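Each chain, written out:
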Amino acid sequence: MRLLSIVILVLISFFHQPVFASSESEALGKCLGDFTNGKERKELARWVFIAMTSHPELQSVSAVKDADRVEANQEMAALVTRLISEQCVAQTKAVIKSDGKEGFVAAFKMLGELAMAEIMGNKEVIKSISDYTKFLDQKKLNSVFGSK
């Protein structure tokens, strides 16, 4: 049951609202970041993306296959298992003891932010994100910002 609670906390941490990060949770977050590389962070971001495509309103714009979902879940499970049981054992125990669930969530949120930074820093992603600006109503926006 305790393992299930930890697994659920990891999942929630990627989608949870901002939380207070104690020195223990910051230490765990740093450890998680230190013991993941760019490839693993991209895999984590891929896992988040695949999970998001489960939402009914996103299913129509996604071609994620069940095999992709299983693979991403297996990669995520291996990563979390390694981080918690091998690389960041002391930090994990300290967070659970001092902060409980909230500290654990804060630490994994930090890792999630690193993972998203790996993806968001890509020039193609940056271009895609800024493409919406072509459709902004400049006249209306200028009236708000006072530009001429």
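As a reminder, the structure under discussion sits directly above these lines.
Residues numbered from 1 in each chain as written. Predicted model: local features only at pLDDT ≥ 70, side-chain atom pairs only at ≥ 80, totals over all residues. Heavy atoms only, no water.

**Some points on a nonpolar patch on the surface**
The condition that has to hold: In this scheme, patches are assembled from residues that exceed 30% relative accessible area and form no salt bridge. Like charges are connected within 9 Å, while nonpolar side chains (Val, Leu, Ile, Met, Phe, Trp, Tyr) are connected within 5 Å. Per-residue and other accessible areas were derived by the Shrake-Rupley procedure at a 1.4 Å probe size, with only the shown protein chains allowed to occlude residues. Definition used for salt bridges: Asp or Glu carboxyl oxygen within 4 Å of a side-chain nitrogen of Lys or Arg. The helix and strand labels rest on DSSP assignments: H or I over at least four residues marks a helix, E over at least two residues marks a strand, and numbering proceeds from the N terminus.
The grouping of Met52, Leu58 and Val61 at the surface amounts to a nonpolar patch, some 280 Å² of accessible area in total. For Met52, the location among the structural elements is in helix α3 (residues 38-52).

**Here we look at the state of the cysteines**
Our working rule: Cysteine sulfur atoms are paired as a disulfide whenever they fall within 2.5 Å. Summary of the burial criterion: residues with accessible area below 20% of their type's maximum are buried, those above 50% are exposed, and those between are partly exposed, where the area comes from a 1.4 Å probe applied to protein chains only.
Using the criterion set out here, one finds 1 disulfide in the structure. Residue pairing for Cys31: its cysteine sulfur links by disulfide to Cys88, the two sulfurs lying 2.1 Å apart. Judged by the torsion about the S-S bond (-95°), the Cys31/Cys88 disulfide is left-handed. Highlighted residues: Cys31 in helix α2 (residues 23-34) and Cys88 in the loop between α4 (66-87) and α5 (89-98), separated in sequence by 57 residues. For the pair shown, Cys31 and Cys88 are each scored as buried.

**Points about the pattern of salt bridges**
One pass over the full model with this rule turns up 9 salt bridges. For Lys30, the salt bridge goes to Asp34, with nearest N and O atoms at 2.9 Å. In this pair, Lys30 and Asp34 are both assigned in helix α2, 4 residues apart and thus about one turn of the helix distant. Through salt bridges with shared partners, a single network forms among Arg41, Lys42 and Glu118.

**Quick notes on the environment of Leu32**
What counts here: Should any heavy atoms of two residues lie within 4.5 Å, those residues are considered in contact.
Take Leu32: it is sitting in helix α2. In this structure Leu32 comes out as buried when scored by relative accessible area, which is 0%. Leu32 sits 78 residues away from Met110 along the chain, and the two C-alpha atoms are 8.4 Å apart. With residues near it in sequence (within four places) discarded, Leu32 still touches Leu83, Cys88, Ala107, Phe108 and Leu111.

**So, α4**
Every α-helix winds through 3.6 residues per turn, so residues three or four apart in the chain are directed the same way. To keep things clear, this is the line we draw: The span you would expect from a helix comes to 1.5 Å times its residue count less one.
Between its terminal C-alpha atoms α4 stretches 30 Å, which fits the 32 Å expected from 22 residues at 1.5 Å a residue. What α4 keeps buried is the set Ala72, Met76, Leu79, Val80, Arg82, Leu83 and Ile84.

**As for the nonpolar core**
Taken as a class, soluble globular proteins show a tendency for nonpolar side chains to be buried jointly. Short version of the rule: Among buried residues, the Ala, Val, Leu, Ile, Met, Phe, Trp, Tyr and Cys ones that are joined through side-chain atoms within 4.5 Å form a nonpolar core.
Counting 21 residues, the largest nonpolar core has Leu28, Leu32, Leu44, Phe104, Phe108 and Leu111 as the members making the most contacts within it. Contributions of two or more residues to this core are made by α2, α3, α4 and α6 (100-120).

**Here we look at the packing of aromatic side chains**
By convention here, two paired aromatic rings are described through the distance between centres and the angle between planes. Basically, it comes down to this: Centres within 6.5 Å make a pair out of two Phe, Tyr or Trp rings, where for Trp the six-membered ring is used; the pair is then stacked when the planes are under 30 degrees apart, edge-to-face when over 60, and tilted otherwise.
In total, this model carries 1 aromatic pair according to the counting rule given. On the numbers, 5.1 Å between centres and 45° between planes, the contact of Phe104 with Phe108 is tilted. Here Phe104 and its partner Phe108 are both found in helix α6, 4 residues apart, which amounts to about one turn of the helix. In terms of burial, Phe104 and Phe108 fall into one category: buried.

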